[in-house]
Amino acid sequence: MNMQAQPIRDGKDRRPVSARAPRFVSLFNPLGRRLAAAGLMGPNALLTVRGRTSGVLRTTPVAFVEVDGRRWIIATFGDVNWARNLRAAGEATVTVKRRTERVRAIELSPEDRARFFREVVGPYVKKVPLGGLILGMLGARDIITDPDAAAQGRPVFELQSAASDDGRARAAAPGSR
C-alpha cells in the first residue's frame, strides 16, 4: 500500500463532527497529565498545542501509537478541541515518557484513518494488556470492530519531528514505508 496522507485543507473532505469528551475525561485529565508526564500512563502522550482562537498553549493527554519508528495520535472522542487546535496550528509539542519533542502533525484522510485502524491499531491493541477492554471503556471499540465507521468521526494525526527535514510535510499512509 503506497498512499500519501495529505493535510485536509481543501474543504472537499468530510470533516469529523465536533465532539466532546465524556465528563470523566475532564475530571481525570489533571491526574492523567501528571501520570503521562512521569511516563506512567501506558500508550499515551502529552500534547501541547496553541489554542486556535486564544493563542494559549494547552496540554492534554492523548492516545499515542508508535510502531516501527512512526508515531500517530488519535482523537478517541472525535473532533475535540485539541484536534481542532492541532489542525489549525499544524505543529505542537509531544511529551512521551519525559521526552519532549517539537512535531509537525499531518492529518490522515478518512480512507487512511480506516486503513490505520485496521492495519496498525488493530494489531497494536492486541499487544497492549487490556487494550480491547480499555477501548470499550472509552466507547471506542468500533476502531477495532468497524474501522470504516470509526474513521469518519475520529481524527488521526501522524507526527513527524519538526527538526528532522526540510520543512515540507510528508506522511506515508499506514503500511507503506
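Anyway, here's the lowdown on the structure attached to this text. (Residues numbered from 1 in each chain as written. Predicted model: local features only at pLDDT ≥ 70, side-chain atom pairs only at ≥ 80, totals over all residues. Heavy atoms only, no water.)

## Points about the packing of aromatic side chains
For the record, the criterion: Note on aromatic pairs: the rings of Phe, Tyr and Trp (six-membered ring only in Trp) are paired at centre separations within 6.5 Å, and the planes decide the class, stacked below 30 degrees, edge-to-face beyond 60, tilted for the rest. Working definition: helices are DSSP H or I runs of at least four residues, strands are E runs of at least two. Numbering for both runs from the N terminus. In this scheme, a residue with accessible area under 20% of its type's maximum is buried, one over 50% is exposed, and one in between is partly exposed, where area comes from a 1.4 Å probe on protein chains only.
What the rule picks out here adds up to three aromatic pairs. Look at W72 and F116: their rings are 4.9 Å apart centre to centre, the planes differ by 45°, and that puts the pair in the tilted class. Taken together, the residues W72 in strand β4 (residues 70–74) and F116 in helix α3 (residues 110–127) connect sequence positions 44 residues apart. In this pair, the class of W72 matches that of F116, namely buried. Ring plane angle 50° and centroid distance 5.8 Å describe the contact between F116 and F117, whose orientation is recorded as tilted. Taking the relative accessible area as the measure of exposure, F116 reaches 0% and is therefore buried.

## What about the pattern of salt bridges?
Quick note on the threshold: Each salt bridge in this description consists of a side-chain nitrogen of Lys or Arg and a carboxyl oxygen of Asp or Glu lying within 4 Å of one another.
Applying the stated criterion across every chain, the model contains ten salt bridges. Note that R71 is salt-bridged to E101, the shortest N-O span being 2.5 Å. In this pair, R71 sits in strand β4 while E101 sits in strand β6 (residues 99–107), placing the two residues 30 residues apart along the sequence. For the pair R71 and E101, one class covers both residues: buried. Among the ionic pairs, R87 bridges to D79, the shortest N-O distance being 2.9 Å. Judged by its relative accessible area of 3%, D79 is buried. Through salt bridges with shared partners, a single ionic network connects D79, R87, E107 and R113.

## Thoughts on the side chain of S161
Worth spelling out the cut-off: Think of a polar contact as two N or O atoms within 3.5 Å of one another; within protein, one of them needs to be a possible hydrogen donor and the other a possible acceptor, and neighboring residues in sequence only count if both atoms come from side chains. The contact definition used throughout considers only heavy atoms, calling two residues in contact when any of these lie within 4.5 Å.
On the secondary structure map, S161 appears in strand β7 (residues 156–161). Overall, S161 belongs to the buried group, its relative accessible area being 16%. Among the polar contacts made by the side chain of S161, one reaches the side chain of E101 at a distance of 3.0 Å. Those residues in contact with S161, other than ones at most four positions away along the chain, are R71, E101, R102, V103 and R104.

Such coordinate-based values are descriptive only and should not be taken to indicate function.
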